[in-house]
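# A closer look at the structure
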Amino acid sequence: MTYSLPIPILGFAAYSGTGKTTLLEALLPMLTKAGLRIGMLKHAHHNFDVDKEGKDSYRLRKAGASQMLISSRNRYALMTETPDAESEFEYLLSRFDTSKLDVILVEGCKNIAFPKIELHREVVCKPWLHPNDTNIIAIAADTKVMETDLPQMDINDLDSIAQFVVSYVESAQQPVSKNKDAACCDTLSPAFLSVQQGQEKILSLVNPLAETETCAIESAYGRVLADNISSPVNVPQYTNSAMDGYAIRGDDLERDSYKVVAEVMAGHAYSSPLQAGEAVKIMTGAPTPINGDTVIMREQATTQDDNVSFGNANIKAGQNVRQAGEDLAIGSDVFCTGQRLASPEMGMMASLGFGECSVFRKLKVAIFSTGDEVQAPGTPQQANSIYDSNRFTIMGLLEKLGCDILDFGILEDNEEQMIQALQDASEQADVVLTSGGVSVGDADYIKLALDKLGQIDFWRINMRPGRPLAFGQVNNKPFFGLPGNPVAVMVSFINFVEPALRKMQGEQGWQPLKVNAVAEENLRSRQGRTEFSRGVYELDAGGQLTVRTTGKQGSGILRSMSEANCLIEISPAVDTVKAGESVTIIPLQGRI
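Predicted, not measured: the structure shown is a model, and the values here were computed from it. (Residues numbered from 1 in each chain as written. Predicted model: local features only at pLDDT ≥ 70, side-chain atom pairs only at ≥ 80, totals over all residues. Heavy atoms only, no water.)

### Description of the nonpolar core
Residues Leu 398, Leu 433, Phe 493 and Leu 501 are the most contacted members of the largest nonpolar core, which totals 39 residues. At eleven residues, the largest contribution of residues to this core is made by helix α10 (residues 486–504). In terms of domain composition, this core takes at least three residues from each of domain 4 (364–505) and domain 5 (515–587). Those residues in contact with Leu 398 that lie beyond four places of it in its chain are Val 365, Ile 367, Cys 403, Ile 405, Leu 433, Phe 493 and Leu 501. Membership of the second largest hydrophobic core comes to 22 residues, among which are Val 103, Leu 119, Ala 140 and Ala 162. (Core = buried A, V, L, I, M, F, W, Y, C linked by side-chain atoms within 4.5 Å. Buried < 20%, exposed > 50% of the residue type's maximum accessible area, 1.4 Å probe, protein only. Helix = DSSP H or I, 4+ residues; strand = E, 2+ residues; numbered from the N terminus. Domains from an automatic or database assignment. Contact = heavy atoms within 4.5 Å.)

Below is the structure:
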């Protein structure tokens, strides 16, 4: 990957604790002494402030200034708040005045695709980066790597590292093009797909159903509208009273008392025009009489025989009256194509007189489990076998989305049987979904069968749990191959299958709810991947949303999912969230 800069960039990639900053502090004077003019970009995977609390710039930025530029005789700094998304890497590079630099060095952003030196210390006990990142051009470590052709230096030999950087700058070719895909410090190197990249690829390859059907309103819950809904009537249909009380003329407010000439219940009307000095006792929702454009609540009224007075009530003309068409005028848009219907939408359509609506037909999803070791629950357990839980987990997830489920049961490790099952499933269903058999080292039966019937990509998603994922087409029907671990199945379904199914069902504009909560405990992750922990969120005594994990987070611990009411999402740029810091959560109510 290249960037549209007239000067080279070079990163120093390492896990936290390797000593990147310490090394660069010692290296920078050596590089400047060699004549290099250096720009420095540091990516922090935690919150930070460049000035101290209490200083004017800090106070003004915290008070609401979204851009805070502070200037002095010696330097200036522009602080820009980015609450919605982390700044794109290329945008950050564009902030440098490259006419006055020879090179930009980058500390952090190790998951961006650009030239980097890997820094590695054995004592940190972290895996090597270069096997999964083709953008690493050299290694500086305290040990030798045998299986690589990359240049290697001793991490403690600053002279050698400095000379490598100088030589790199001298020989670097200017880039001629830039990557079309925006990259930020959460963007992953080409060795893996990020969660977002996987979602975008899948969504670009699935299409909404074309077939529609008519559905009775009482059966419309969870269905997706196939046509726009416009109001055939005014809402309210007629001008009516907003409360129980007395209707009078708005131009006749100064009298001591009024003669009550009628009582109007909901569903009835007073047909004569209201005259000066007259009042009509009226119930909530009943149509107001002609000229009776003001209603005084019953609690403010005093009656005697056929007369009513309102004492010292502060009466304003037009009060407590709902005008015809106030909520909706005839022909107004109510709901649009792609709206998923729930109880409020059902009630709204019924209030407009609709007895039925046009919806997309239900999505048919075929599912099956694979493996000789998998057996059906409810049967005596056999030696060396496990009960099939994933298929039932997937059934529940699909039912929540309103899909029609075609259950093909458990298939043995038999290539011919799997080919036939995949063939039958793709002919009967809109989507084929299975779990297991997509990891490196899995038996090849499902893979061989897929190769003969479709075009399938086996991806490594940079997330945990749920790294392996297969997606493609079987006889032109979308196929999802989810991981085999029970929790990984659910997390992968939520992230990749659910958005695709919602699009195929015709739903438009859906986005999962994500909110911030304060961590009650330290949360660990591996920098460079998205971590999904199972969590429990709640409001504390002060009304603050807090979150804690459900305990052990192994991808086979299904109990961790049953006890959770949210997923805790830790971005690839973060390896630790400390107790008291903010973290993103994805509430699961209504989704599982």
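### Here we look at the sheet that holds strand β24 (residues 404–411)
The mixed open sheet is built from six strands, whose spatial order is β24-β21-β25-β29-β28-β26. For this open sheet the edge positions go to β24 and β26 (454–460), each flanked by a neighbour on one side alone. The mean inter-strand angle of the sheet, taken between neighbouring strand axes irrespective of direction, is 15°. By the bridge criterion, five bridges tie strand β21 (residues 364–370) to strand β25 (residues 431–435) in an arrangement that is parallel. If you follow Val 365 over to β25, its bridge partner there is Val 431. In the packing of helix α5 (residues 195–204) onto the sheet, the strands contacted are β26, β28 (468–474) and β29 (477–482), and the crossing angle to β26 comes to about 165°. (Pairing = 2+ DSSP bridges. Axes fitted to C-alpha atoms, helices over the stretch in contact; angles between N-to-C directions.)

### Observations regarding the packing of helix α1 (residues 20–33) against helix α4 (residues 158–171)
The geometry of α1 relative to α4 is characterised by a closest axis approach of 10 Å and an angle of 60° between their N-to-C directions. Between α1 and α4, the crossing angle belongs to the class labelled oblique. Crossing handedness for the pair α1 and α4: right-handed. Each of Leu 23, Ala 26, Leu 27, Met 30 and Leu 31 in α1 lies in contact with α4, whose residues at this interface are Leu 158, Asp 159, Ile 161, Ala 162, Val 165 and Val 166. (Parallel < 35°, antiparallel > 145°, perpendicular 65-115°, else oblique. Left-handed = near helix turned anticlockwise from the far one by under 90°.)

### What to know about the confidence of the model for the chain
When pLDDT is averaged across the chain, the result is 86; 87% of the residues are at 70 or more. Across the chain, element-level confidence peaks in strand β20 (residues 356–360) with a mean pLDDT of 98 and bottoms out in strand β3 (residues 67–71) with 61. (pLDDT = per-residue confidence, 0-100.)

### So, the pairing of strand β7 (residues 136–141)
When you tally the buried positions in β7, you get five out of six residues, the bulk of the element. Here strand β6 (residues 116–120) pairs with β7 via five bridges, running parallel. Its bridge partner being in β7, Ile 117 is matched across the sheet by Ala 138. For β7 and strand β8 (residues 152–154), the ladder comprises three bridges, and the chain directions are parallel. Residue pairing in the sheet places Ile 139 in a bridge with Gln 152 of β8.

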